[in-house]
Amino acid sequence: MTLQENLAKNPIFTKSTVNKRKIIKLYDYDISHLWLASLVYAHIGYWVENLFRLVSKGVLDSRNQILPFLFCYSIAMWALYFALGTPKKARAFNIRLFTKDDKKTQLLSQLYYFTVVFLFVFFGEIIVGTMFEQISGIQLWNYSGIPLHVTQYTSVPTTTALSLGVVFLMEYFFTPLMKRIIAIPYHKVLKLDYILGGAIVLDWLIMMISINVFKVSLAYWSIQF
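In this report, the structure presented in the accompanying data block is examined.

The rules we used
- Residues numbered from 1 in each chain as written.
- Predicted model: local features only at pLDDT ≥ 70, side-chain atom pairs only at ≥ 80, totals over all residues.
- Heavy atoms only, no water.
- 1 Å grid on protein atoms, 1.4 Å probe; cavity = no way out; pocket = protein on both sides within 12 Å on 5 of 7 lines; lining within 4 Å.
- Points joined across faces, edges and corners; volume = space filled by probe spheres on them.
- Helix = DSSP H or I, 4+ residues; strand = E, 2+ residues; numbered from the N terminus.
- Nonpolar A, V, L, I, M, F, W, Y, C, P; charged D, E, K, R; others polar.
- Contact = heavy atoms within 4.5 Å.
- Phe/Tyr/Trp six-rings, centres within 6.5 Å; stacked < 30°, edge-to-face > 60°.
- Buried < 20%, exposed > 50% of the residue type's maximum accessible area, 1.4 Å probe, protein only.
- Lys NZ or Arg CZ within 6 Å of the ring centre and 35° of its normal.
- Pairing = 2+ DSSP bridges.
- Core = buried A, V, L, I, M, F, W, Y, C linked by side-chain atoms within 4.5 Å.
- Salt bridge = Lys/Arg side-chain N within 4 Å of Asp/Glu carboxyl O.
- Axes fitted to C-alpha atoms, helices over the stretch in contact; angles between N-to-C directions.
- Parallel < 35°, antiparallel > 145°, perpendicular 65-115°, else oblique.

Considering only enclosed or pocket space, the largest pocket measures out at about 1,800 Å³ in volume. Forming the walls of the largest pocket are 48 residues, and the residues nearest its centre are Glu 49, Cys 72, Tyr 73, Glu 125 and Leu 162. Of all the secondary-structure elements, those providing two or more residues to the lining of the largest pocket are α2 (31–57), α3 (71–83), α4 (103–136), α5 (156–172) and α7 (186–212). Considered class by class, the residues forming the lining of the largest pocket number 34 nonpolar, nine polar and five charged.

Take a look at the structure:
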């Protein structure tokens with residue numbers, strides 16, 4: 001099957017009209033529902049980072065944000081769903097890689113998913129950490145005290161833990177979350193998308209401008225245990 005034939009059979013985006021409402025889907029889900037799901041992931045990411053800091057440094061803090069959301073985790077969820085799908089039904093964008101549904105095939109699909117995520121996190125942290133420090137002069141994290149660290153920006157233990165967490169969330173949390181969101185009246189989903197999403201993006205932009213333009217790290221609150 002050629003790329004053009006595969007795109008025609010399994011389009012990335014589809015448009016339809018339901019009850020006079022225009023629907024744009026990314027693969028299986030309405031993008032409005034996906035946007036709300038990504039905001040949930042932003043909240044989860046906030047507490048994952050704080051839990052890591054609590055265990056490693058005995059500190060809880062604002063993570064340079066006013067709201068308890070880290071927008072980078074929203075972006076990560078979109079990227080994962082767009083490029084990989086879910087672990088037991090892994091894709092390379094719109095191409096399903098493992099078409100059988102037996103346990104062996106699902107395990108291979110999960111291993112593929114974990115490997116891609118591991119490499120993405122491992123090299124992504126190095127690239128993002130280095131670029132951010134060069135641009136802003138601020139070091140957002142340092143893994144030098146962790147065994148098997150590679151530069152100060154990544155390590156095998158942290159990357160493994162993050163990758164396993166991603167696989168777990170995308171396999172056992174993402175689909176049930178989407179079902180719950182779909183059950184919410186559509187007008188309420190849109191209100192949450194615009195109001196909560198707008199506040200989160202604005203909060204993130206304030207942080208980015210403060211750090212990269214004014215070279216100020218916004219510490220709204222911090223608790224040392």
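Position of Glu 171 among the secondary structure elements: in helix α5. Setting aside residues up to four positions removed in sequence, Glu 171 forms contacts with Thr 86, Pro 87, Lys 88 and Gln 110.

With that settled, consider the packing of aromatic side chains. Evaluation of the coordinates by the stated rule reveals 17 aromatic pairs. Note on Tyr 46 and Trp 47: the rings are 5.1 Å apart at their centroids and 85° apart in plane angle, and the pair reads as edge-to-face. Since its relative accessible area comes to 3%, Tyr 46 is described here as buried. Owing to a relative accessible area of 43%, Trp 47 belongs among the partly exposed residues under this scheme. One aromatic cluster is present, formed by Tyr 27, Tyr 29, Tyr 81, Phe 82, Phe 93 and Phe 174 through successive ring pairs. Here Arg 21 stacks its cationic end above the ring of Tyr 186, 3.8 Å away from the centre of that ring. Note that Arg 91 overlies the ring of Tyr 27, its terminal NZ or CZ placed 3.8 Å from the centroid.

This part is about the pairing of strand β2 (residues 21–26). Summarising the sheet, strand β1 (residues 13–18) and β2 pair through six bridges and their orientation is antiparallel. Note on β2: the bridge partner recorded for Lys 15 is Ile 24. Between β1 and β2, which pair antiparallel and follow one another directly, the connecting turn spans two residues, one of which, Asn 19, has a positive phi of 50°.

Moving on: the nonpolar core. Formed by 30 residues in total, the largest nonpolar core has its most connected members in Leu 34, Tyr 81, Tyr 113, Met 170 and Phe 174. Among the secondary structure elements, those contributing two or more residues to this core are α2, α3, α4, α5, α6 (174–182) and α7. With six residues, the single largest contributor to this core is α2.

Moving on: the pairing of strand β6 (residues 89–92). Looking at chain direction, strand β5 (residues 85–86) and β6 are connected through two bridges and run antiparallel. Of the residues in β6, the one forming a bridge with Thr 86 is Lys 89. Here β5 folds back onto β6, and the loop between the two strands holds two residues. Sheet topology places β6 next to strand β7 (residues 95–96); two bridges connect them, and they run antiparallel. Bridge pairing links Arg 91 to Arg 96 in β7. Here β6 hands over to β7 after two residues, with Phe 93 in that stretch at a positive phi of 60°.

Per the stated rule, a full pass over the model turns up four salt bridges. Across the pair Asp 61 and Arg 63 runs a salt bridge whose closest N-O atoms are separated by 3.3 Å. Across the pair, exposure class does not vary: Asp 61 and Arg 63 are buried alike. Here Arg 96 ties to Asp 101 by a salt bridge, and the two come within 3.6 Å at their closest N and O atoms. For Arg 96, a relative accessible area of 31% puts it in the partly exposed group.

This paragraph deals with the packing of α4 against α7. Between α4 and α7, whose axes approach to 8 Å, the crossing angle comes to 60°. The orientation of α4 with respect to α7, classified from their angle, is oblique. Residues Phe 132, Ile 135 and Ser 136 of α4 form the contact with α7, whose participating residues are Met 208, Ile 211 and Asn 212. Looking at the contact of α4 with α7 residue by residue, the class counts come to four nonpolar, two polar and no charged.

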